[in-house]
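Here is what each chain is made of, one letter per residue.
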Amino acid sequence: MMSKFIIQVNGPAYGSSASVNALRFTQATLQSGHDVVCVFFYQDGVYNSTDFNLPASDEYDVIMGWKQLAAQHQVSLVNCVSAALRRGIVSQLEAQENGLSHWNVESSFIMGGLGELVTGIESADRLICF
Amino acid sequence: MKKICILFRSAPHGTTKGREALDLALLSASFEQEVSVVFIDEGVLHLLKDQQPELIGGKDYLATLKALPLYDIEAVFACKQSLGDYGLSHGLLSIPVTILNDEAISAHLKVVDEVLVF
């Protein structure tokens, strides 16, 4: 039977296994024919959306993994915007609004609110947190 | 509408987990979800009254705990064992809580739809 999942990522791209575990789980979910409402990045999870991480060339790039997954499966990657802004995770829009000349979040990630997590939980069969 | 339980397991101030847990609890309640909060392990330290986080560069998000009833969050539980471990008697708590033993907390986690641990 097909189920609808929502995935919450609370750990950063580097320094914790949370993000890789979440990515693997999301890949397996989709490959098994289930639905993923969205992947929601909260707490330190928003660090997965920066374009400024530069892993060494022989290391796994989990941020690239999320971008490829989103492109392949049309899964939304949603940041909690207030968690992001407090951590220096900024898209072009917030950069402009705050007079910054740099930003680090490109269009693979959407800046959203906690409301999107809550409505996602409401519509999904199961929330899985990493 | 879903039954969402927010579990506070980490001490306040050292990390932002508690603050972001409380933000999510209030937001979920304002989105008409049936929200409960549980304080357990080091998380019970959120309940100690008269804390002054500003002195260590923190924000006094603990004051927001008093807003739980305004958001219709009536199910506020604390673990009896954890309160005892940290020497927190009733008179030391900042807000009214229902004190539950381990079995009652387990039973509560079984009847909600989702549990988010912070």
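Residues numbered from 1 in each chain as written. Chains lettered and ligands numbered in written order. Predicted model: local features only at pLDDT ≥ 70, side-chain atom pairs only at ≥ 80, totals over all residues. Heavy atoms only, no water.

1. Section: the sheet that holds strand β4 (residues 109–112) of chain A
Residue and element names in this part refer to chain A.
And then number 1: Reading across from one edge, β4-β3-β2-β1-β5 is the order of the five strands in this open sheet, with parallel pairing throughout. Single-partner strands in this sheet number two, and they are β4 and β5 (126–129). Each strand of the sheet is rotated relative to its neighbour by a mean of 25°, with strand direction disregarded.
And then number 2: Running over the sheet, helix α2 (residues 62–73) touches β1 (4–9), β2 (35–41), β3 (77–80) and β4 and is turned about 125° from β3. (Pairing = 2+ DSSP bridges. Helix = DSSP H or I, 4+ residues; strand = E, 2+ residues; numbered from the N terminus. Axes fitted to C-alpha atoms, helices over the stretch in contact; angles between N-to-C directions. Contact = heavy atoms within 4.5 Å.)

2. Remarks on the nonpolar core
And then number 1: One finds Val39 and Trp66 of chain A together with Ile6, Leu24, Val37, Phe39 and Leu68 of chain B to be the most contacted residues of the largest nonpolar core, which totals 65 residues.
And then number 2: Considering every element that reaches this core, the biggest residue donor is helix α1 (residues 17–30) of chain B, with six residues.
And then number 3: Setting aside its immediate chain neighbours within four residues, Leu68 of chain B contacts Leu22, Leu26, Val37, Ile73, Val76 and Ile95 of chain B.
And then number 4: Counting nine residues, the second-largest nonpolar core is a separate cluster that includes Val38, Leu100, Ile105 and Val112 of chain B. (Core = buried A, V, L, I, M, F, W, Y, C linked by side-chain atoms within 4.5 Å. Buried < 20%, exposed > 50% of the residue type's maximum accessible area, 1.4 Å probe, protein only.)

3. Some thoughts on the interface of chain A and chain B
And then number 1: Chain A puts 18 residues into the contact, and the matching count from chain B is 18 residues.
And then number 2: Each partner contributes to the roughly 1,500 Å² buried at the junction of chain A and chain B, and carbon and sulfur atoms together form 54% of this total.
And then number 3: Measuring nitrogen to oxygen at the nearest pair gives 3.2 Å for the salt bridge that ties Arg126 of chain A to Glu114 of chain B.
And then number 4: The tally of links between chain A and chain B comes to ten residue pairs in polar contact (both at pLDDT 80 or more).
And then number 5: Broken down by secondary-structure element, the contributors of at least two residues to the side of chain A that touches chain B are α3 (81–86), α5 (114–123) and β5 of chain A.
And then number 6: Counted by class, the side of chain A that touches chain B contains nine nonpolar, four polar and five charged residues. (Buried area = accessible area lost by both parts, 1.4 Å probe. Salt bridge = Lys/Arg side-chain N within 4 Å of Asp/Glu carboxyl O. Polar contact = N/O pair within 3.5 Å; in protein donor to acceptor, adjacent residues only side chain to side chain. Nonpolar A, V, L, I, M, F, W, Y, C, P; charged D, E, K, R; others polar.)

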